[in-house]
Amino acid sequence: MPFKRYIEIGRVALINYGKDYGRLVVIVDVVDQNRALVDAPDMVRSQMNFKRLSLTDIKIDIKRVPRKSTLIKAMQEADVQGKWDKSSWGRKLIVQKKRASLNDFDRFKLMLAKIKRGGLIRQELAKLKKESAS
Amino acid sequence: MAPKQSRNPELIRGVGKFSRSKMYHKRGLWAIKAKNGGVFPRHDPVAKPSPAAAKPSKFYPADDVKKPLLNKRNPRPTKLRASIAPGTVLIILAGRFKGKRVVFLKQLSSGLLLITGPFKVNGVPLRRVNQSYVIATSTKVDVSGVNFEKFDDKYFAKKVEKKKSKGEGEFFEAEKEEKNVLPQEKKDDQKSVDAALIKSIEAVPDLKTYLAARFSLKAGMKPHELVF
């Protein structure tokens, strides 16, 4: 029931609206009740409304408004990208992106693979059923 | 001859670098005058040969005759989409082969695309198809071993038969016998084109079954979001 992810300096968030949709950013300062200053290694530091950010579980240890190089070092030490790619949320996004980029031949191969997998599963199931029946 | 370059560079539109007197000197008009004894040389107009006496028309139309508008259209084959190159797999969208995945060979001079199934794989023969009724996928087949130079629009033209005199009694029988049989020559052409193609298709796993299957939209597929 209580909130678990807070807006704080060092909180890693995902942009969910706008030009930078899908980018991971770090909250570097709070401007006012509605806006934060966010920064990422490949982005110009800018202010963003909280409504455009989805907070993640990842938090890094930085002081208020660090230099870009300090920020990049802190992000690498905390392995933000690695933690993100391992998390279930991050993995989901990677799969979504891969699915969207499949071309027609890839989709066909995927269908064949799914049918094959289903066949194997059904074989195993039939074997288990026979064993339990006997 | 190259267009004449002006000796008076333009500083801004309408303003040259050099004044009239400077340009007079630069163009060498003083030298031309000197050569001609202090005056500009005068060229008399060349006498034009008088036109041969045209006979007066015997007939003038009563009302004005409209001249048709000038048509300077230069017809050329349709521009081929950048995504279509020899060997690309295309999806046909209309006609009896709709949904079939087919290999593109070349663009003919009429603008239509020459394609082949290959026939053994999916039943699509050497055929012409319009670019607008085709989706180009990003899958490519190697067509370097195929010789399709000899195919052009004339190859696909309908055979014009001489009309025989109508014999009313034999009408229906005659019609049935004239069913179109594909000449052996065309069947051989198909086989020769497909032989090399099928080899390069079998080199890629699953490509043969891919070409044999038809494309269809399933639930949840949004064509504007699909990558082909």
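Conventions adopted
- Residues numbered from 1 in each chain as written.
- Chains lettered and ligands numbered in written order.
- Predicted model: local features only at pLDDT ≥ 70, side-chain atom pairs only at ≥ 80, totals over all residues.
- Heavy atoms only, no water.
- Salt bridge = Lys/Arg side-chain N within 4 Å of Asp/Glu carboxyl O.
- Helix = DSSP H or I, 4+ residues; strand = E, 2+ residues; numbered from the N terminus.
- Buried < 20%, exposed > 50% of the residue type's maximum accessible area, 1.4 Å probe, protein only.
- Polar contact = N/O pair within 3.5 Å; in protein donor to acceptor, adjacent residues only side chain to side chain.
- Contact = heavy atoms within 4.5 Å.
- Domains from an automatic or database assignment.
- pLDDT = per-residue confidence, 0-100.
- Pairing = 2+ DSSP bridges.
- Axes fitted to C-alpha atoms, helices over the stretch in contact; angles between N-to-C directions.
- Core = buried A, V, L, I, M, F, W, Y, C linked by side-chain atoms within 4.5 Å.

1. Let's talk about the pattern of salt bridges
Okay, step 1: Applying the stated criterion across every chain yields a total of 16 salt bridges over all chains.
Okay, step 2: For D39 of chain A, the salt bridge is made with K68 of chain A, and the minimal N-O distance between the two is 2.8 Å. You can see D39 of chain A sitting in strand β3 (residues 35–39) and its partner K68 of chain A sitting in helix α1 (residues 68–78), a full 29 residues away along the chain.
Okay, step 3: For D39 of chain A, a relative accessible area of 0% translates into the label buried.
Okay, step 4: The partner of R128 of chain B in a salt bridge is D153 of chain B, and the shortest N-O contact between them spans 2.9 Å. Note that R128 of chain B is positioned in strand β6 (residues 127–129) and D153 of chain B in the loop between β7 (134–140) and α4 (171–177), a separation of 25 residues in sequence.

2. Quick look at the side chain of R11 of chain A
Residues and elements named next belong to chain A.
Okay, step 1: Examined against the element boundaries, R11 turns out to sit in strand β1 (residues 11–15).
Okay, step 2: Polar side-chain contacts of R11 include one of 3.4 Å to the backbone oxygen of D57.
Okay, step 3: Leaving out residues up to four positions away in the same chain, R11 has contacts with K4, R5, Y6, V25, V26, I27, L55, T56, D57, I58 and K59.

3. Notes on the domain arrangement of chain A
Okay, step 1: Split into domains, chain A comes out as domain 1 (1–101) and domain 2 (103–133).
Okay, step 2: On a C-alpha basis, the centroid separation for the pair domain 1 of chain A and domain 2 of chain A is 39 Å.

4. Re the confidence of the model for chain B
Residues and elements named next belong to chain B.
Okay, step 1: Across chain B, pLDDT averages 88, with 92% of residues at or above 70.
Okay, step 2: Averaged over each element, pLDDT in chain B is lowest for α4 (55) and highest for strand β3 (residues 88–92) (95).
Okay, step 3: Overall fold confidence (pTM) sits at 0.73, and the ipTM for the predicted complex is 0.78.

5. Structural notes on the sheet that holds strand β4 (residues 46–49) of chain A
Residue and element names in this part refer to chain A.
Okay, step 1: Reading across the sheet, the five strands line up as β4-β3-β2-β1-β5 and stay open at both edges, with antiparallel pairing between neighbours. Either end of the sheet is taken by a strand with one partner, and the two such strands are β4 and β5 (53–59). Shown here is a sheet whose adjacent strand axes are inclined to one another by a mean of 50°, direction ignored.
Okay, step 2: With four bridges joining them, β3 and β4 adopt antiparallel strand pairing. Note on β4: the bridge partner recorded for L37 is Q47.

6. Considerations on the nonpolar core
Okay, step 1: Core analysis: the biggest nonpolar cluster contains 23 residues, and L105 and L114 of chain B have the highest contact counts within it.
Okay, step 2: Put simply, the parts of the chain that give this core at least two residues each are α4 (104–133) of chain A together with β4 (101–107), α5 (184–202) and α6 (207–212) of chain B.
Okay, step 3: For this core, the element with the most residues is α5 of chain B, which contributes four residues.
Okay, step 4: Filtering out sequence-adjacent residues up to four positions away, L105 of chain B remains in contact with P86, L114, I115, T116, L126, V143, F148, V193 and L197 of chain B.
Okay, step 5: In terms of nonpolar packing, the next biggest core, distinct from the first, is built from 15 residues, L14, L71, A78 and W84 of chain A among them.

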